[in-house]
Amino acid sequence: MIPIWPSWPDIQSSMPSVFKATSYDPKSFCIVDATELRCQTPASLSTQSQSYSSYKSHTTLKGLVGIAPNGAFTFVSELYSGAISDRQLVIECGFLDLLESVPAGCGIMADRGFEIQDLLVQDNLLLNIPPFKGSRTSMLREEVIKTQQIANTRIHVERAISRVKQLFHILDGVIPFSFAGSINQIWSVCCMLSNFLGPLIRDNE
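Residues numbered from 1 in each chain as written. Predicted model: local features only at pLDDT ≥ 70, side-chain atom pairs only at ≥ 80, totals over all residues. Heavy atoms only, no water.

Visitor: Kindly report on the overall build of the protein chain, identifying the contributing residues and their values.
Guide: When its secondary structure is counted, the protein chain shows eight helices and eight strands. In terms of overall dimensions, the protein chain is globule-like: its C-alpha atoms have a radius of gyration of 17 Å, near the 17 Å expected for 205 residues. Taking the principal axes of its C-alpha atoms as reference, the protein chain extends roughly 50 × 45 × 30 Å. Buried positions account for 46% of the 205 residues belonging to the protein chain. At a minimum sequence separation of 6, the contacts of the protein chain that also span at least 24 residues come to 62%. Accessible surface, the protein chain: about 10,300 Å² in total, of which carbon and sulfur atoms supply 54%. (Helix = DSSP H or I, 4+ residues; strand = E, 2+ residues; numbered from the N terminus. Rg over C-alpha atoms; globule rule 2.2 N^0.38 Å. Buried < 20%, exposed > 50% of the residue type's maximum accessible area, 1.4 Å probe, protein only. Contact = heavy atoms within 4.5 Å. Areas by Shrake-Rupley, 256 points an atom, 1.4 Å probe, with all protein chains shown as cover.)

Visitor: With reference to specific residues and values, describe the packing of aromatic side chains.
Guide: In total, this model carries four aromatic pairs according to the counting rule given. Relative to Phe-29, the ring of Trp-8 lies with its centre 6.1 Å away and its plane at 25°, an arrangement referred to as stacked. Linking Trp-8 in helix H1 (residues 8-13) with Phe-29 in strand E2 (residues 28-38), this pair joins segments that are 21 residues apart in sequence. In this structure, Trp-8 and Phe-29 share a single accessibility class: buried. Arranged with centres 5.3 Å apart and planes meeting at 70°, the rings of Phe-75 and Phe-95 form a pair that is edge-to-face. Separated by 20 residues along the polypeptide, Phe-75 in strand E5 (residues 73-76) and Phe-95 in helix H5 (residues 95-98) bring together distant segments of the chain. (Phe/Tyr/Trp six-rings, centres within 6.5 Å; stacked < 30°, edge-to-face > 60°.)

Visitor: So what's going on with the pattern of salt bridges? Which residues, and what values?
Guide: Applying the stated rule across the entire model yields four salt bridges. The salt bridge partner of Lys-62 is Asp-86, with a shortest N-O separation of 2.8 Å. Taken together, the residues span a long stretch of sequence, with Lys-62 in strand E4 (residues 58-67) and Asp-86 in helix H4 (residues 86-92) at a distance of 24 residues. A relative accessible area of 8% means that Lys-62 is categorised as buried. Three or more residues joined by partner-sharing salt bridges are found here, namely Asp-33, Arg-154 and Glu-158. (Salt bridge = Lys/Arg side-chain N within 4 Å of Asp/Glu carboxyl O.)

Visitor: Before we move on, can you summarise the nonpolar core with the specific residues and values?
Guide: Trp-5, Leu-64, Phe-73, Phe-95, Leu-99 and Trp-187 are the most contacted members of the largest nonpolar core, which totals 58 residues. The dominant element in this core, judged by the number of residues it contributes, is E2, at six residues. Phe-95 has contacts with Trp-5, Cys-30, Val-32, Leu-64, Phe-75, Val-90 and Ile-108, leaving out every residue within four places of it along the chain. (Core = buried A, V, L, I, M, F, W, Y, C linked by side-chain atoms within 4.5 Å.)

Visitor: Requested: an account of the pairing of E2, with residues and values cited.
Guide: Two faces, one strand: in a regular strand the side chains alternate between the faces of the sheet. When you tally the buried positions in E2, you get ten out of eleven residues, the bulk of the element. For E2 and strand E7 (residues 107-109), the ladder comprises three bridges, and the chain directions are parallel. Bridge pairing in E7 places Ser-28 opposite Gly-107. Bridging between E2 and E4 involves eight bridges; their strand directions are antiparallel. The partner of Leu-37 across the bridge, within E4, is Leu-61. (Pairing = 2+ DSSP bridges.)

Visitor: Give a description of the confidence of the model for the protein chain that names residues and reports values.
Guide: In the predicted model, the protein chain carries a mean pLDDT of 86, and the fraction of residues at 70 or more is 92%. Ranking the elements of the protein chain by mean pLDDT puts strand E1 (residues 2-3) last with 58 and H4 first with 96. (pLDDT = per-residue confidence, 0-100.)

Listed below in structure tokens is the structure:
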């Protein structure tokens, strides 16, 4: 785990206008997402089942990342077996420990699949995800607007992950067994190096 955890004043001072222009509350401290790296298929059937990702239809390694609203990586977890759920990944990777320093009332932005609101309550934080339609035939106008605004800002964590994988081609293929002892360090260093590139989010976006 490599946390480069900013303070709330740091987040506010570097907040891009695309986030400042949104009408929903709370303002997000961090945007999280899970990502997967394809890996060589193990010979052991039990290991295969633990590593198989139905989303990727392949054996994978899965990690949690967090970015600040300005697009910089602020959290990179270790990699886990691909079958782990997003919720269990959040619980095991150490991310929750860092939230003790986040001011009460701030939000963590994520996709709908992150069912972690109950894990944030103890720190008085809110989960900022698109509204659910549930059994209703349509959403309210306010919910539609919020969904669009969150989608327009949450996509930047996907862009950050994509930039790492496109820049470091060692990550966009199948990770061989020979990398087992170093893949965590490789993944973390690649993410951190991307912070030295040009801004991911510009104020005219």
